[in-house]
Amino acid sequence: MSMTPILHPSGALAFGLLLEMRAPGIIIPAGEIRLFHGRHSGPNRGFGAKHIWAEHDREMIAAGFLDFDGVAGYVATIVREGTPVFLGDHNWRSLRVMAVRSRTGTAIVEHRAPRGEDPHWSVITAFS
């Protein structure tokens with residue numbers, strides 16, 4: 001269930017498209033940005049909608065997203081066309097970038113390339 005996708009409020013699978021970017025010594029691959037049901041295993045541990053709601057429900061409620069079903073709408077206010085993207089963490093396990101929207105919030109996305117699936121970016125967390 002953790003890898004069950006949650007659709008964008010428009011009904012699309014993707015919340016956006018990250019275009020390929022190059023920085024010295026690294027290539028950030030292109031791919032769709034997707035939100036999954038995810039899991040929450042403790043403070044700052046988890047990913048996806050379940051983690052976002054568990055960690056940031058107060059912020060979401062203050063922004064008008066009153067329950068778990070509002071996570072997709074909350075993420076959609078942050079991850080959208082024109083949102084600036086910055087390189088976050090790169091190590092042997094993962095490649096992460098931050099999508100920052102100054103007035104709305106920040107989303108952290110991680111590159112995933114599961115066997116048999118298209119590579120994509122998974123929303124790890126989002127916060128105001």
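Before reading on, note that the structure itself is shown above.
Rules of the game
- Residues numbered from 1 in each chain as written.
- Predicted model: local features only at pLDDT ≥ 70, side-chain atom pairs only at ≥ 80, totals over all residues.
- Heavy atoms only, no water.
- Core = buried A, V, L, I, M, F, W, Y, C linked by side-chain atoms within 4.5 Å.
- Buried < 20%, exposed > 50% of the residue type's maximum accessible area, 1.4 Å probe, protein only.
- Helix = DSSP H or I, 4+ residues; strand = E, 2+ residues; numbered from the N terminus.
- Contact = heavy atoms within 4.5 Å.
- Phe/Tyr/Trp six-rings, centres within 6.5 Å; stacked < 30°, edge-to-face > 60°.
- Lys NZ or Arg CZ within 6 Å of the ring centre and 35° of its normal.
- 1 Å grid on protein atoms, 1.4 Å probe; cavity = no way out; pocket = protein on both sides within 12 Å on 5 of 7 lines; lining within 4 Å.
- Points joined across faces, edges and corners; volume = space filled by probe spheres on them.
- Nonpolar A, V, L, I, M, F, W, Y, C, P; charged D, E, K, R; others polar.
- Axes fitted to C-alpha atoms, helices over the stretch in contact; angles between N-to-C directions.
- Parallel < 35°, antiparallel > 145°, perpendicular 65-115°, else oblique.

If you had to explain the nonpolar core to someone new, which residues and values would you point to?
Ranked by internal contacts, the top residues of the largest apolar core, which has 24 residues, are Phe-15, Ile-33, Leu-35, Ile-52, Val-75 and Trp-121. Listing elements by their share of this core, those giving two or more residues are β4 (26-28), β5 (31-36), α1 (48-62), α2 (71-78), β9 (95-101), β10 (105-112) and β11 (120-127). Sorting elements by how many residues they give to this core places α2 first, with 6 residues. Phe-15 has contacts with Ile-6, Leu-7, His-8, Pro-9, Ile-33, Leu-35, Ala-72, Val-75, Ala-76 and Val-79, leaving out every residue within four places of it along the chain.

Summarise unusual backbone geometry; cite the residues concerned and give the values.
Here the phi dihedral of Asn-44 falls at roughly 60 degrees; this positive angle occurs in a residue that is not glycine. Along the chain, Asn-44 turns up in the loop between β6 (39-42) and β7 (45-47).

Could you give me a rundown of the packing of aromatic side chains, with the residues and numbers involved?
This structure, assessed with the given rule, holds 1 aromatic pair. Residues Phe-65 and Tyr-74 carry aromatic rings whose centres are separated by 5.8 Å and whose planes lie at 70 degrees to one another, so their mutual orientation is edge-to-face. Judged by its relative accessible area of 2%, Tyr-74 falls in the buried class. In this arrangement the basic side chain of Arg-112 is found over the ring face of Phe-47, its NZ or CZ atom lying 5.1 Å from the centre.

Describe the layout of surface pockets, listing the residues and the values that go with them.
Taken as a whole, the second largest pocket holds about 200 Å³ of empty space. If you go around the second largest pocket, you meet 13 residues; those closest to its centre are Leu-17, Arg-80, Gly-82, Thr-83 and Val-85. Counting residues per element, the lining of the second largest pocket draws most heavily on strand β2 (residues 16-18), at 3 residues. Per-class residue counts for the lining of the second largest pocket are 8 nonpolar, 3 polar and 2 charged.

If you had to explain the packing of α1 against α2 to someone new, which residues and values would you point to?
Interhelical geometry of α1 versus α2 gives an angle of 80 degrees and a closest axis separation of 10 Å. In terms of their interaxial angle, α1 and α2 are classed as roughly perpendicular. Across the interface between the two elements, Ala-49, Ile-52, Trp-53, Glu-59 and Met-60 of α1 pack against Val-71, Tyr-74 and Val-75 of α2. Per-class residue counts for the contact of α1 with α2 are 7 nonpolar, no polar and 1 charged.

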